[in-house]
Amino acid sequence: LSSSIRSYIMNKRIKSLVLSATLVASMAILGGCGSNNIGYVDTMKVANSTEKGIEITKEINAKKAELNKKIEAADDASKQNVYNQASQELTAFTNAKAQEYRQYQEQKINELVKEKKLDVIIEKGAVVGGGADVTEDLITKMGKASEAQIKEVEEAAKAEEQQEAQQNAQQAGQAAAAATTESAQ
C-alpha cells in the first residue's frame, strides 16, 4: 500500500510542477505576443536545486512516512479504511504544498522577468531553438540549495525507489505463492 502512495505522490508532484510552469508560460505568452525577449527555465532542475523545492519535498516525504506508519499499524480489518483516509490526507497536503511552491516560483519568475527585461519565461521543454536559459538565475533568486542538501534529497529518493522495488518484488512473490497455493487446492 505504501509504495502506491509514494508513486502517486511523485507523479502528482511532477504533474503539478509541470502544470504550474505551463500556466506561467501561457500567461506570459498571452501578455507578450510579438515579443523577442524570451527566457526559459528547466523547472525540474529548479525544484530539485532550490531550498524551497527541497524544503517542500522533505515536508511531503515526512507526511508520507507518518501516514505509512499509520497504515502499517492498522489491523487487517481497518487497513483499507486507514489507507483511503491516508491517501486523501496526503493528496490534500501535497496539493497545498504544490500550490505554496507555485506561488513562490511565480513571484520569483515575475521578478526575474522584470530584472532581465524579458517578455516571457517559458518551460525549457517548449523551446525548440533560441531564447535565453535563465534556469540558474531563477535558482539563485529562489535560493540555491547547498550541495549537501541536494545530495541528501537525491539519496533519499534513491533509497525510496529501492525500498519500493523491494516491496513490489515481495508483493509479487506473495501473489505468486498465493496463486500456487490456490492451484494446488
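Up top is the structure.
About the cut-offs
- Residues numbered from 1 in each chain as written.
- Predicted model: local features only at pLDDT ≥ 70, side-chain atom pairs only at ≥ 80, totals over all residues.
- Heavy atoms only, no water.
- Helix = DSSP H or I, 4+ residues; strand = E, 2+ residues; numbered from the N terminus.
- Buried < 20%, exposed > 50% of the residue type's maximum accessible area, 1.4 Å probe, protein only.
- Contact = heavy atoms within 4.5 Å.
- Phe/Tyr/Trp six-rings, centres within 6.5 Å; stacked < 30°, edge-to-face > 60°.
- Lys NZ or Arg CZ within 6 Å of the ring centre and 35° of its normal.
- Arc of directions from axis to C-beta.
- Core = buried A, V, L, I, M, F, W, Y, C linked by side-chain atoms within 4.5 Å.
- Expected span 1.5 Å × (residues − 1).
- Salt bridge = Lys/Arg side-chain N within 4 Å of Asp/Glu carboxyl O.
- Pairing = 2+ DSSP bridges.

Notes on the overall build of the protein
Counting its regular elements, the protein contains six helices and three strands. When the helices and strands of the protein are placed in sequence order, the string is α-β-α-α-α-β-β-α-α. When the 185 residues of the protein are sorted by exposure, 35% land in the buried category. Taking the contacts inside the protein whose residues are at least 6 apart along the sequence as the reference set, 87% of them involve residues at least 24 apart.

Comments concerning the packing of aromatic side chains
What the rule picks out here adds up to zero aromatic pairs. Of note, lysine 52 hangs over the ring of tyrosine 104, and the distance from its end group to the ring centre comes to 5.5 Å. The ring centre of phenylalanine 93 lies 5.5 Å from the NZ or CZ of lysine 63, which sits over that ring.

A short note on helix α5 (residues 135-142)
When α5 is considered as a whole, its buried residues turn out to be Thr135, Leu138, Ile139 and Met142. Taken end-on, α5 shows its buried residues confined to a sector of 100 degrees, consistent with a single buried face. Immediately downstream of α5, the backbone of glycine 143 shows phi near 105 degrees, a positive value.

Topic: the nonpolar core
For soluble globular proteins, the rule of thumb is that nonpolar side chains tend to be buried together. Val46, Tyr101, Ile121, Val134 and Leu138 are the most contacted members of the largest nonpolar core, which totals 15 residues. Elements with a contribution of two residues or more to this core: α2 (43-49), α3 (51-73), α4 (79-116) and α5. With four residues, α4 is the largest single contributor of residues to this core. For leucine 138, the contacting residues outside a window of four places in its chain are Val41, Val46, Gln105, Lys108, Ile109 and Leu112. One finds Ala74, Tyr83, Ala86 and Leu90 within the second-largest nonpolar core, a separate group that totals seven residues.

A look at α3
One turn of the α-helix equals 3.6 residues, which is why residues spaced by three or four share an orientation. Its 23 residues give α3 an end-to-end C-alpha distance of 33 Å, which sits within 8% of 33 Å, the value for a rise of 1.5 Å per residue. All buried positions along α3 are accounted for by Lys52, Gly53, Ile54, Ile56, Thr57, Ile60, Lys63, Lys64, Leu67, Asn68 and Ile71.

Here's the deal with the pattern of salt bridges
This model, assessed by the stated rule, comprises twelve salt bridges. A salt bridge links glutamate 111 to lysine 108; the nearest nitrogen and oxygen atoms lie 3.7 Å apart. Residue glutamate 111 and its partner lysine 108 are located together in helix α4, separated by three residues, close to a single helical turn. The class for lysine 108 is buried, based on a relative accessible area of 13%. With relative accessibility at 27%, the residue glutamate 111 sits in the partly exposed group. A network of salt bridges, in which partner residues are shared, links Lys52, Glu59, Lys97 and Glu100.

Thoughts on the sheet that holds strand β3 (residues 132-133)
Two modes of strand pairing occur in sheets, parallel and antiparallel, and in both the strands are linked by backbone hydrogen bonds. In space, the three strands of this open sheet follow the order β2-β1-β3, with parallel pairing throughout. Since the sheet does not close on itself, it has two edges, and those belong to β2 (120-123) and β3, each with one partner. Pairing of strand β1 (residues 38-41) with β2 involves four bridges; the strand directions are parallel. Across the sheet, isoleucine 38 pairs through a bridge with valine 120, a residue of β2.

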